Amino acid sequence: MVNYIDIYLDRDEFADRLGGSIPKGSIFIIEGEDGAGKSIISQRLSYGSLLNKNKVTYISSELSVVDFVKQMDSLGYDIKDYLLSQDLLFISTLYMFGKIKEKENLIFELTKEKSRKIFDSDLIILDSLSYPLINGLDKMGSVRLLEFLNKVKNMEKTIIITYSPNDINEFFVKNIRRIADIYFDLKFSSIDEGSGLKMVNIRRFRYARGVYNNVIPFRVEPNIGLIVEISSYV
């Protein structure tokens, strides 16, 4: 039996386009170039999950907690009460970079026993998997990380990982694509250059709760957040 994380918001159709929810116990990858919308998708999923009474851990390699709150507020996603109640655990890795030795990977610091509370949430988001979070990640390190992700998945947790394929070694990219239960490939729209329209191409979606769209066009509006465009853009 598959359990699900509800992500519904009454302000957009994103959940409907994904079949209503996302399955628990999944490895979920969001892949795309810088600016393609990886963070906004992650932030929308985190807010929808929180609003539907799920616990979320959000790990950012780019934002401080103050910047994260400001970013979410600018989208109309008010998360301050969730931070106070600890239903949302936000971790910035910006201040951890100076604490690791050269050639060590910060990603493995997050998997140590003292960091296990990170994985108590229903949904864990790592935005994004990039240097120096994975400084020098070689083939053996990639295997270790993939094994750890499978362990998290087997705990009935859903872990979302965003990355640009150009920032990570080819071995890791090839194999995380292979094991991912959900695979989003984000692209800039070619319909109207400069319009801000982006596309979610769903390459894989195992255990979908309902019918989902293979392509979801979207844009971002201040104080509203993610807006799904009409199907004529597809």
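Before going into details, it helps to say that this report is about the structure given with it. (Residues numbered from 1 in each chain as written. Predicted model: local features only at pLDDT ≥ 70, side-chain atom pairs only at ≥ 80, totals over all residues. Heavy atoms only, no water.)

Across its full length, the chain carries seven helices and 11 strands. Taken over 234 residues, the chain has a buried fraction of 53%. In the chain, 70% of the contacts between residues at least 6 apart in sequence involve partners at least 24 apart. (Helix = DSSP H or I, 4+ residues; strand = E, 2+ residues; numbered from the N terminus. Buried < 20%, exposed > 50% of the residue type's maximum accessible area, 1.4 Å probe, protein only. Contact = heavy atoms within 4.5 Å.)

Now for the pattern of salt bridges. A full pass over the atoms with the stated rule returns 13 salt bridges. A salt bridge links D6 to R209; the nearest nitrogen and oxygen atoms lie 3.1 Å apart. Note that D6 is positioned in strand 1 (residues 4–6) and R209 in the loop between strand 9 (198–205) and strand 10 (215–221), a separation of 203 residues in sequence. Close ionic contact of R177 with E31 constitutes a salt bridge, the shortest N to O distance being 2.6 Å. A residue pair is termed long-range when its members are at least 10 positions apart, and R177 in helix 7 (residues 170–179) and E31 in strand 3 (residues 27–31) qualify at 146 residues. The exposure class assigned to R177 is partly exposed, which follows from its relative accessible area of 28%. Judged by its relative accessible area of 4%, E31 is buried. When salt bridges that share partners are traced, they join D73, D78 and K80 into one network. (Salt bridge = Lys/Arg side-chain N within 4 Å of Asp/Glu carboxyl O.)

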